[in-house]
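# Geometric and topological summary
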Amino acid sequence: MTWNGLCNSIAVQTGNLYTRQALNNYIEIKAAYAAYQTKPGRSAASKPLSGAQQRIVELERKVLELEAVRNALLEKFARWAVNAATRNLDEDFLNQPLRQISRADNH
């Protein structure tokens with residue numbers, strides 16, 4: 001699978017055109033693509049896998065994908081923490097609950 005192939009597949013399924021750069025901005029897509037590229041058991045000379053072996057390969061790929069997403073989110077959190085600290089926003093301020101939005105119709 002290539003980025004162009006992925007872009008084309010998405011275009012066929014959704015009717016929307018995306019560039020590699022646009023797709024690469026989505027953590028989940030980037031992680032899934034990276035996991036697919038490094039997925040265990042990917043060799044041209046490999047023999048067909050049993051159902052259990054295929055499931056193991058899929059689960060190993062999913063682990064790689066989730067680890068990549070986790071690492072990206074941890075990096076984002078660290079960046080946010082530094083940015084918050086430079087603006088003198090402490091942990092108590094950042095942990096405040098979100099304000100409730102009243103969705104009642106008050107016409």
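The following refers to the structure shown. Model, not experiment: these values are computed from the prediction.

Before going further, it helps to examine the nonpolar core. The tendency in soluble globular proteins is for nonpolar side chains to be buried as a group. Formed by Trp-3, Leu-6, Cys-7, Ile-10, Leu-23 and Tyr-33, the largest nonpolar core amounts to six residues. Not counting the four nearest positions on each side in its chain, Ile-10 is found in contact with Gly-15, Asn-16, Tyr-18 and Leu-23.

Further remarks concern the pattern of salt bridges. Tallied over the entire structure, the rule returns two salt bridges. A salt bridge links Arg-55 to Glu-58; the nearest nitrogen and oxygen atoms lie 3.9 Å apart. With Arg-55 and Glu-58 both in helix 4 (residues 51-86), this residue pair falls three residues apart, about one helical turn. Residue class for Arg-55 comes out partly exposed when judged on its relative accessible area of 48%. We classify Glu-58 as partly exposed; its relative accessible area is 38%. Two residues, Lys-62 and Glu-65, come together in a salt bridge whose shortest N-O distance is 3.6 Å. Placement of both Lys-62 and Glu-65 in helix 4 is noted, with a separation of three residues, approximately one turn of the helix. Given a relative accessible area of 15%, Glu-65 falls into the buried group.

Let us look at helix 3 (residues 27-37). Think of an α-helix as 3.6 residues a turn; residues three or four steps apart then line up on the same face. Every buried residue belonging to helix 3 is among Ala-31, Tyr-33 and Ala-35, and all of these are buried. Along its buried surface, helix 3 packs onto helix 1 (3-14) and helix 4.

What follows concerns the environment of Asn-71. On the secondary structure map, Asn-71 appears in helix 4. Asn-71 sits in the partly exposed class, given a relative accessible area of 38%. Along the chain, Asn-71 and Ala-31 lie 40 residues apart, while their C-alpha atoms are 9.8 Å from each other.

The rules behind the values
Residues numbered from 1 in each chain as written. Predicted model: local features only at pLDDT ≥ 70, side-chain atom pairs only at ≥ 80, totals over all residues. Heavy atoms only, no water. Core = buried A, V, L, I, M, F, W, Y, C linked by side-chain atoms within 4.5 Å. Buried < 20%, exposed > 50% of the residue type's maximum accessible area, 1.4 Å probe, protein only. Contact = heavy atoms within 4.5 Å. Salt bridge = Lys/Arg side-chain N within 4 Å of Asp/Glu carboxyl O. Helix = DSSP H or I, 4+ residues; strand = E, 2+ residues; numbered from the N terminus.

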